[in-house]
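Residue-level structure breakdown
These are the residues of each chain, in order.
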Amino acid sequence: MKKVFIEGPISSEFIGDAIAKHQSKTSIGAHNIFLGQVRADAVDGKNVAAIEYTCYEELANTKLHEIREAAFEKFDLICMHIYHSLGTIKAGEICFFVFVSAVRRKEVYAATEWLVNQVKEHTPIFGKEIFEDETHQWKVNS
Amino acid sequence: MEVTLKYFGQLVDVLGTHEETRGIEQHTSAALLDHLKKNNAIGHIPFQLAINQKLIDQDENVTLKEGDVIALLPPYAGG
């Protein structure tokens, strides 16, 4: 089972390395990347300073495996990677990284959007939005 | 019978624990869900059940067994 969860934010070095690792796969003609960034939402005059992510890791890994298998069935991909942060991720930091590669560009656009939606909808990840004054509320995907 | 209850997200906040093993009187998932929803501390929080890592649909009713691991999952917020 591929490792998806990363403790802490996803760094630009990690993303850069992920791209570099594909230079040997020369049948690829198109990559597409989605990056989710923690947004400083304002709620009742207070800004979100960070989101603390937790998950039900065993079930999440099962669901992500199913999503991955379904993506390869549905789209003509060469490879795909999904990474999601756990722990406290500050506003402005990257918490979600989806990386899809194929021979041509058409597949990667559709696959990326589908994957992002599937992960949000089906993976048991929970987010606690922490405000600047250290109060919090629980995030719900809209 | 004894089962393990696992809590996530807001439920951890409210109950102050991630997991507990305890005796329950209910023998089906629907009866247990009904019982849990009547708990004043968590009754206002939407959640679904996963039994032994399998999600239970709202209209599904599953027979519970000794040793089951029952997760209470509030709305997801990944991404």
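Reading the values: rules and limits
- Residues numbered from 1 in each chain as written.
- Chains lettered and ligands numbered in written order.
- Predicted model: local features only at pLDDT ≥ 70, side-chain atom pairs only at ≥ 80, totals over all residues.
- Helix = DSSP H or I, 4+ residues; strand = E, 2+ residues; numbered from the N terminus.
- Rg over C-alpha atoms; globule rule 2.2 N^0.38 Å.
- Buried ≥ 20, exposed ≤ 12 C-beta atoms within 10 Å, placed from the backbone.
- Contact = placed C-beta atoms within 7 Å.
- Pairing = 2+ DSSP bridges.
- Core = buried A, V, L, I, M, F, W, Y, C linked by C-beta atoms within 7 Å.
- Nonpolar A, V, L, I, M, F, W, Y, C, P; charged D, E, K, R; others polar.
- pLDDT = per-residue confidence, 0-100.

A short note on the overall build of chain A
Helix and strand content of chain A: three helices and eight strands. Each helix and strand of chain A, ordered N terminal to C terminal, gives the series β-α-β-β-β-α-β-β-α-β-β. Radius of gyration (C-alpha) of chain A: 16 Å, near the 14 Å computed for a compact globule of 142 residues. With the principal axes as the frame, chain A shows a C-alpha extent of 50 × 30 × 25 Å. Counting across all 142 residues of chain A, residues that qualify as buried make up 27%.

Some details on the overall build of chain B
If you tally the helices and strands in chain B, you get two helices and five strands. Overall, chain B shows an N-to-C arrangement of helices and strands of β-α-β-α-β-β-β. In summary, chain B has a C-alpha radius of gyration of 12 Å against a globular reference of 12 Å for 79 residues, a match within 12%. With the C-alpha coordinates aligned to their principal axes, the bounding extent of chain B is approximately 30 × 25 × 20 Å. A buried classification covers 24% of the 79 residues belonging to chain B. Within chain B, counting contacts between residues at least 6 apart in sequence, those at least 24 apart form 56% of the total.

Considering the pairing of strand E6 (residues 94-102) of chain A
For a regular strand, side chains alternate in direction, first toward one face of the sheet and then toward the other. Residue and element names in this part refer to chain A. Buried residues dominate E6, accounting for eight of its nine residues. Examined bridge by bridge, strand E2 (residues 30-37) and E6 share eight bridges and lie antiparallel to one another. Within E6, the position partnered with Ile33 by the bridge is Phe99. As judged from the six bridges shared by strand E5 (residues 79-90) and E6, these two strands associate in the antiparallel manner. The partner of His81 across the bridge, within E6, is Phe99. Linking two consecutive strands that pair antiparallel, namely E5 and E6, is a turn of three residues; a positive phi of about 95° is found at Gly92 within it.

Brief notes about the sheet that holds strand E4 (residues 54-55) of chain B
Residues and elements named next belong to chain B. As summarised here, the arrangement of the five strands in space is E2-E1-E5-E3-E4, forming an open sheet in which the pairing is mixed. Only two strands of the sheet have a single partner each, and these edge strands are strand E2 (19-23) and E4. With four bridges connecting them, strand E3 (residues 48-51) and strand E5 (residues 69-73) associate as antiparallel partners. Bridging from a neighbouring strand, Leu49 pairs with Leu72 of E5.

What to know about the nonpolar core
Counting 41 residues, the largest nonpolar core has Val100(A), Phe8(B), Ala71(B) and Leu72(B) as the members making the most contacts within it. The element that contributes the greatest number of residues to this core is E6(A), accounting for seven residues. Each residue touching Phe8(B), except ones within four places of it in the same chain, is listed here: Thr54(A), Tyr56(A), Pro124(A), Phe126(A), Ala71(B), Leu72(B), Leu73(B) and Pro74(B).

Let's talk about the interface of chain B and chain A
The interface is formed by 13 residues belonging to chain B together with 20 residues belonging to chain A. Here the residues of the side of chain B that touches chain A are counted per class, giving eight nonpolar, five polar and no charged.

Here we look at the confidence of the model for chain B
With 100% of its residues at a pLDDT of 70 or more, chain B shows a mean pLDDT of 94. Interface predicted TM-score (ipTM) for the complex: 0.93; the corresponding pTM is 0.94.

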